[in-house]
Amino acid sequence: MDTMGGELISCRDGQGLEYIWQGDAAVWPGRNPLLFPIVGALADATVCFAGRAYHMQRHGFARRQEFAVTGRGENWAELELRDSPETRAAYPYPFRLRVRQTLGEGGFTTAVTVENPGPAELPFCLGAHTGFRCPLLPGERFEDYELVFAQPETCPALIPKGGRLDRGRTAPGLENARVLPLRYETFDALDTLVFEGLRSRSVTLRHRTAGRGVRVDFSGFPVLALWTMPDKHAPYLCIEPWHGCPHMEGEGTEFTDKAYCIRLAPGAARTLSYRVALL
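Just so it is clear, the model here is predicted, and its values are computed rather than measured. The numbering scheme is per chain: residues are counted from 1 as the chain's sequence reads. At least 70 in pLDDT is required for a residue's local features to be given in this predicted model, at least 80 for side-chain atom pairs to be given and counted, and no such filter applies to totals for whole chains, interfaces and linings, which use all residues. Remark: hydrogens and water are excluded; side-chain values derive from all non-hydrogen atoms of the structure.

J.: Please provide a residue-by-residue account of the overall build of the protein chain, values included.
T.: Tallying secondary structure elements over the protein chain gives two helices and 19 strands in all. In terms of C-alpha radius of gyration, the protein chain reaches 18 Å, essentially the compact-globule figure of 19 Å for 279 residues. Summarising its shape, the C-alpha atoms of the protein chain cover approximately 55 × 50 × 35 Å along the three principal directions. For every residue, the accessible area (1.4 Å probe, protein chains only) is compared with the maximum for its type, and the residue is labelled buried under 20%, exposed over 50%, or partly exposed between those bounds. Counting the 279 residues in the protein chain, one finds 53% classified as buried. Expressed as a percentage of contacts within the protein chain between residues at least 6 apart in sequence, the contacts between residues at least 24 apart total 66%. We get accessible surface area from the Shrake-Rupley algorithm with a probe of 1.4 Å; when it comes to residues, only the shown protein chains can shield them. As displayed, the protein chain offers around 12100 Å² of accessible surface, 48% of which is attributable to carbon and sulfur atoms. Comment: elements are numbered from the N terminus, with helices defined as DSSP H or I runs of at least four residues and strands as E runs of at least two. As defined in this context, the radius of gyration uses C-alpha atoms, and a globule is described by 2.2 Å times the residue total to the power 0.38. Contacts were defined at the residue level, with two residues in contact if any of their heavy atoms lie within 4.5 Å.

Following this line, the structure appears as structure tokens:
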């Protein structure tokens, strides 16, 4: 675990094979960041809360904050971030963000709870950004792997432009199919593939013949994004469950106008979790 960002930064199988991308400053230094209180980019890095403009960088501030360890056991740890003068300068709300990371014999579970200790409604978005090593073994290629959805899907991919999405700007994604082949050229051309409205609640990243890889259960998250840094041909793929998304063309300036924004009542809490199984 890493207290910076509350991340789970390593998950290995019984033979010691690492499944989480370990970061590379020349490509992408991230590993498994938590996205809060926004997902993606804001228009001009600006959003309004109750009519007042605030500024926040892509994916929010939680990934760059030091979390406190509030509990730990043999195979789990719980970490917490609370509001501070620094966070309130960008996000003017009291909050409590708790992350419970649990390792199992066959993978891990990340459960994130947002609590609203304040007197007013708390709006937020939340997402995961786990980088998985792909390929996993020497001699394999990125193109030897594929994504397999739990159900046949007919769903185009939303394509960001300048960090923004437009439901009228799509690329072919899935057409009555479960399998999405992996090619670096796809991400070189499109950057990120964003799917909303999927029927599947899990997706498997696997080697086409050997079957090794991971299955990600993203139940509770309405959006799934796929990304690897364009033009780098680096050995990883991010599978990102989102409850929120980057600025969508046509949305209003208030934060609560954002697609998939969660509005949490005073005193309430909301938990979202995703599970990863090693195959």
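Picking up after the structure, the text goes on.
J.: Pulling in residues and values, what's your account of the pattern of salt bridges?
T.: Opposite charge on two side chains permits them to pair, given that their charged atoms come into close proximity. We count a salt bridge whenever a side-chain nitrogen from Lys or Arg sits within 4 Å of a carboxyl oxygen from Asp or Glu. Taken as a whole and judged by the stated rule, the model has 18 salt bridges. Among the salt bridges present, the one from R12 reaches E18, with a minimum N-O distance of 3.2 Å. Across the pair R212 and E140 runs a salt bridge, and its minimum N-O distance is 2.2 Å. Remark: E140 occurs in the loop between β10 (130-133) and β11 (145-158) and R212 occurs in the loop between β14 (202-207) and β15 (213-217); sequence separation between them is 72 residues. In this structure R212 comes out as partly exposed when scored by relative accessible area, which is 24%. Ionic contacts of the salt-bridge type, sharing partners, join the residues E78, E80, R82, R96, R98, R100 and E115 into one network.

J.: Requested: an account of the pairing of strand β5 (residues 76-82), with residues and values cited.
T.: Regular strands have side chains that alternate between both faces of the sheet. Counting buried residues along β5, five of its seven residues qualify, which places the element largely inside the surrounding structure. Whether two strands pair comes down to DSSP finding at least two bridges between them. Relative to β5, strand β4 (residues 68-72) runs antiparallel, the two sharing four bridges. Bridge pairing links V69 to L79 in β5. Following β4, the chain reverses through three residues before pairing antiparallel with β5. Where β5 lies against strand β6 (residues 96-104), seven bridges are found, and the strand directions are antiparallel. Bridging across to β6, A77 finds its partner in Q101.

J.: An account of the nonpolar core is needed here, citing residue identities and associated values.
T.: Take the buried residues of types Ala, Val, Leu, Ile, Met, Phe, Trp, Tyr and Cys, join any two whose side-chain atoms come within 4.5 Å, and each joined set is a nonpolar core. Counting residues in hydrophobic clusters, the biggest one holds 81 residues, and the most contacted among them are F36, Y91, L97, L205 and I239. When residues in this core are grouped by element, the largest group, six residues, is from β11. Apart from the residues within four sequence positions on either side, F36 is in contact with H59, G60, F61, A62, Y91, F95, L97, V114, F124, C125 and L126.

J.: Got a sec to walk through the packing of aromatic side chains? Specific residues and values, please.
T.: Planes of paired rings set the category: under 30 degrees apart is stacked, over 60 is edge-to-face and the rest tilted, where pairs are Phe, Tyr or Trp rings (Trp by its six-membered ring) whose centres lie within 6.5 Å. Inspection of the entire model under this criterion finds 20 aromatic pairs. Ring centres of W28 and Y236 lie 5.5 Å apart, and the angle between their planes is 25°; on these two criteria the pair is classed as stacked. Here Y236 lies in strand β17 (residues 236-243) and W28 lies in the segment before β1 (34-35), a separation of 208 residues in the sequence. Both residues of the pair, W28 and Y236, count as buried. Aromatic rings pair up to connect F36, F49, Y54, F61, Y91, Y93, F95, F124 and F255 into one cluster. Sitting over the ring of W76, R100 keeps its end group 4.0 Å from the ring centre. We count a charge as sitting over a ring when the NZ of a lysine or the CZ of an arginine lies within 6 Å of the ring centre and within 35 degrees of the ring normal.

J.: Describe unusual backbone geometry, naming the residues involved and giving the relevant values.
T.: Of note, the bond from F36 into P37 is cis; its omega dihedral lies within 30 degrees of zero at 0°. Note that P37 resides in the loop between β1 and β2 (46-49). The backbone of A45 shows a phi angle near 55°, a positive value even though the residue is not glycine. Take A45: it is sitting in the loop between β1 and β2.

J.: Just give me the short version of the side chain of T228, but keep the residues and values in it.
T.: Note that T228 resides in the loop between β16 (223-227) and β17. We classify T228 as buried; its relative accessible area is 2%. Polar contact criterion, stated in full: a pair of N or O atoms within 3.5 Å, where within protein one must be able to donate a hydrogen and the other to accept it, and residues adjacent in sequence count only if both atoms are side-chain atoms. A distance of 2.9 Å separates a polar side-chain atom of T228 from the backbone oxygen of Y236. Once you skip the residues sitting within four places of it in the chain, T228 turns out to touch F142, Y184, F187, D191, A234 and Y236.

J.: Mind laying out the side chain of R31, listing which residues take part and the relevant values?
T.: Along the chain, R31 falls in the segment before β1. Residues in contact with R31, not counting those within four places in the same chain, are D2, E7, I9, I20, W21, Q22, G23, H129, T130 and G131.

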